[in-house]
Amino acid sequence: MKDLFNGVYKNKRVLITGHTGFKGSWMTLWLKEMGAHIIGYSLDPPTNPSLFETLKLEKEIIHIVGDVRDEKKLKETFKKYQPEIVIHMAAQPLVRYSYINPKETYETNVIGTLNVFEAVRETDSVKVIINVTSDKCYQNKEWVYGYRENDPMGGYDPYSSSKGCAELLTTAYRNSFFNPEGYGKTHSVALASVRAGNVIGGGDWAADRLIPDCIRSLSKKEKIYIRNPQAIRPWQYILEPLSGYLWLGALLWINPTKYSEGWNFGPDDENILTVEDIVKKVIHLWGEGEYEVILDKKFYESKLLKLDTSKARFYLKWRPVYNIEIALKETVNWYKEYFNNPENIYNYTLKQLYNYINSAKKKKI
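Attention here is on the structure that accompanies the text.

**So, the overall build of the protein chain**
Part 1 of the argument: Looking only at helices and strands, one finds 13 helices and 13 strands in the protein chain.
Part 2 of the argument: Rg of the C-alpha trace for the protein chain: 19 Å, near the compact-globule value of 21 Å for 365 residues, within the 12% margin.
Part 3 of the argument: Expressed along its principal axes, the backbone C-alpha trace of the protein chain runs to roughly 60 × 45 × 40 Å.
Part 4 of the argument: Among the 365 residues that make up the protein chain, the fraction classed as buried is 58%.
Part 5 of the argument: Sequence-distant contacts in the protein chain: of pairs separated by 6 or more residues, those separated by 24 or more amount to 80%.
Part 6 of the argument: With an accessible surface of roughly 15,700 Å², the protein chain has 50% of that area assigned to carbon and sulfur atoms.
Part 7 of the argument: With 50 positive and 44 negative side-chain charges, the protein chain shows a separation of 4 Å between the mean positions of the two kinds.

**Quick word on the pairing of strand β1 (residues 13–17)**
Part 1 of the argument: Burial analysis of β1 places 4 of its 5 residues in the buried class, which makes it a mostly covered element.
Part 2 of the argument: Note that β1 and strand β2 (residues 37–42) share 5 bridges and pair parallel. Bridge pairing links Leu15 to Ile39 in β2.

**Notes on the sheet that holds β2**
Part 1 of the argument: Taken in spatial order, the 7 strands make up an open sheet running β3-β2-β1-β4-β5-β6-β11, and their pairing is parallel. Looking at strand neighbours, the two that pair on one side only are β3 (62–65) and β11 (262–264), the edges of this open sheet. Pairs of neighbouring strands in the sheet enclose a mean axial angle of 15°, with direction left out of account.
Part 2 of the argument: Contacts between helix α9 (residues 239–254) and the sheet are confined to β4 (85–88), β5 (128–132), β6 (190–195) and β11, with β5 contributing the most and set at about 150° to the helix.

**Quick look at helix α7 (residues 158–176)**
Part 1 of the argument: For α7, spanning 19 residues, the distance from its first C-alpha to its last is 26 Å, which sits close to the expected 27 Å at 1.5 Å a residue.
Part 2 of the argument: N-capping of α7 is provided by Asp157, with a side-chain oxygen placed 3.1 Å from the backbone N of Tyr159.

**What about unusual backbone geometry?**
Part 1 of the argument: That bond from Asn48 to Pro49 is cis: its omega, 5°, falls within 30 degrees of zero.
Part 2 of the argument: The phi angle at Gln82 is positive, at roughly 50°, despite the residue not being glycine.
Part 3 of the argument: Summarising the element assignment, Gln82 is placed in the loop between α4 (71–81) and β4.
Part 4 of the argument: Overall, Gln82 belongs to the partly exposed group, its relative accessible area being 30%.
Part 5 of the argument: Unusually for a residue other than glycine, Lys221 sits at a positive phi of about 60°.

**Details of the state of the cysteines**
Part 1 of the argument: Within this structure, the stated rule accounts for 0 disulfides.
Part 2 of the argument: You can see Cys137 has no disulfide; the closest cysteine sulfur is in Cys165, sitting 11 Å from it.

**With respect to the pattern of salt bridges**
Part 1 of the argument: Taken as a whole, this structure holds 20 salt bridges when the rule is applied.
Part 2 of the argument: Between Glu107 and Lys103 there is a salt bridge, and its shortest N-O distance comes to 2.4 Å. Here Lys103 and Glu107 lie together in helix α6 (residues 102–121), a separation of 4 residues that amounts to about one turn.
Part 3 of the argument: The class for Glu107 is partly exposed, based on a relative accessible area of 26%.
Part 4 of the argument: Here Lys311 and Glu261 are joined by a salt bridge, their closest N and O atoms 2.7 Å apart. With Lys311 in helix α11 (residues 310–316) and Glu261 in the loop between α9 and β11, this pair connects stretches of sequence that are 50 residues apart.
Part 5 of the argument: Judged by its relative accessible area of 18%, Lys311 falls in the buried class.
Part 6 of the argument: In the salt-bridge network here, residues are joined through shared partners; they are Asp67, Arg69, Lys103 and Glu107.

**Structural notes on the nonpolar core**
Part 1 of the argument: Among the nonpolar cores identified, the biggest contains 81 residues, and Tyr9, Trp26, Trp30, Leu31 and Leu316 are the most heavily contacted of them.
Part 2 of the argument: In contact with Leu31, other than residues within four places in its own chain, are Tyr9, Val14, Ile16, Ala36, Ile38, Ile87 and Leu246.
Part 3 of the argument: Counting 20 residues, the second largest nonpolar core, distinct from the first, contains Tyr41, Ile64, Val120 and Phe178.

**Examining the environment of Val199**
Part 1 of the argument: With respect to the helices and strands, Val199 occurs in strand β7 (residues 199–200).
Part 2 of the argument: It is 17 Å that separates the C-alpha atoms of Val199 and Leu29, two residues lying 170 residues apart in sequence.
Part 3 of the argument: Once you skip the residues sitting within four places of it in the chain, Val199 turns out to touch Phe22, Lys23, Gln236, Ile238 and Pro241.

**Describing helix α10 (residues 275–286)**
Part 1 of the argument: The first and last C-alpha atoms of α10 sit 17 Å apart over 12 residues, in line with the 16 Å expected at 1.5 Å per residue.
Part 2 of the argument: On its buried face, α10 is in contact with α8 (210–219), β8 (224–226), β12 (273–274), β13 (291–293) and α12 (324–340).
Part 3 of the argument: Immediately beyond the C-terminal end of α10, within one or two residues, lies Gly287, with a positive phi of roughly 110°.

**Regarding the side chain of Lys306**
Part 1 of the argument: Looking at where Lys306 falls in the secondary structure, it is placed in the loop between β13 and α11.
Part 2 of the argument: No salt bridge forms around the buried Lys306; measuring N to O, its nearest opposite-charge neighbour Asp269 is 4.1 Å away.
Part 3 of the argument: Sequence-distant contacts of Lys306, that is, excluding residues within four places in its chain, are made with Val144, Tyr145, Gly146, Tyr147, Asp269 and Ile272.

**A few points about the packing of α9 against helix α13 (residues 345–362)**
Packed helices, taken two at a time, are described by the angle between their axes plus the distance between the axes.
Part 1 of the argument: Where α9 contacts α13, the two axes come as close as 11 Å, and the packing angle between them is 65°. Read as a crossing pair, α9 and α13 show a hand that is right-handed. In this structure, α9 contributes Leu239, Glu240 and Ser243 to the contact, and α13 contributes Gln352, Leu353 and Tyr356.
Part 2 of the argument: Of the residues contributing to the contact of α9 with α13, the split by class is 3 nonpolar, 2 polar and 1 charged.

Basis of the calculations
Residues numbered from 1 in each chain as written. Predicted model: local features only at pLDDT ≥ 70, side-chain atom pairs only at ≥ 80, totals over all residues. Heavy atoms only, no water. Helix = DSSP H or I, 4+ residues; strand = E, 2+ residues; numbered from the N terminus. Rg over C-alpha atoms; globule rule 2.2 N^0.38 Å. Buried < 20%, exposed > 50% of the residue type's maximum accessible area, 1.4 Å probe, protein only. Contact = heavy atoms within 4.5 Å. Areas by Shrake-Rupley, 256 points an atom, 1.4 Å probe, with all protein chains shown as cover. Lys, Arg positive; Asp, Glu negative; His and termini not counted. Charge placed at Lys NZ, Arg CZ, Asp CG, Glu CD. Pairing = 2+ DSSP bridges. Axes fitted to C-alpha atoms, helices over the stretch in contact; angles between N-to-C directions. Expected span 1.5 Å × (residues − 1). Polar contact = N/O pair within 3.5 Å; in protein donor to acceptor, adjacent residues only side chain to side chain. Disulfide = S-S within 2.5 Å. Salt bridge = Lys/Arg side-chain N within 4 Å of Asp/Glu carboxyl O. Core = buried A, V, L, I, M, F, W, Y, C linked by side-chain atoms within 4.5 Å. Left-handed = near helix turned anticlockwise from the far one by under 90°. Nonpolar A, V, L, I, M, F, W, Y, C, P; charged D, E, K, R; others polar.

Written out as structure tokens, the structure is:
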């Protein structure tokens, strides 16, 4: 990652939507450490506890409570702070919730993205925008092959479909308003989308996510219940896709026309495990615990999902740093520190960030 992304982010005005979420909080911390001037635009933290509040990140940035569906407030924020780089992470991120609240899911994930793009169009300071979608944006055929960036968009459930829509929207805006062929003539914006999923790491407290559900049960000495034990997902440590997003953003800043496309970020094939495998490993790392399978057929969930990350590996020279064993160990250790030594959690989180950075440097990524 060229020694922390060629120093691109130092002193840059970076606007992050969804900065109070799990991924957004880690992104905010990393950018802060690189010297970026961060403007966060998001709803209040979606969980209690939350990583954003645990790390007291509000004190470190310009923190704006706002909804991406509120076009007026969003545009006013862009106009006031004149960001140079935009990382759009705000979303309704849960599959099962989307069945219960489909309208909210589409409004947030599609219209919210549209509002961000429109705000960018009206803000001359913006040079780079990265739209964070999901691995679930693809039309899932449950095959053993990883999905490539040029495979069809789709989505069985409202959440997945909304992310497919967000990708189609990104393509339309890139073709119509931010076309690389018109860069420097009709516009000065580099637009890319990034697709990853099933990230694990310390500080995730969301409902209906495997690791937080496990930790909640284990910390209370309760049995873990899993509903889809043989489902296979591309599990990866939280900092893996974030490193890809940040490296892509740096490359877009340096060479705006070359990388304005969609990109997958995911783990090596050997780290793609079943839900049950993950639960067993978490219990082992925690030191005790039990689980029980209770099949839930109320909502459809895909059984197999993999991404082909060849494009990012070849063109961006990006690849994962941690295997699943290290990723799970780092994740479980964060929660142990949270419960056993909460006053040290900020320093411990920073330590995990720099451990990852140093590991990446050793691998010469």
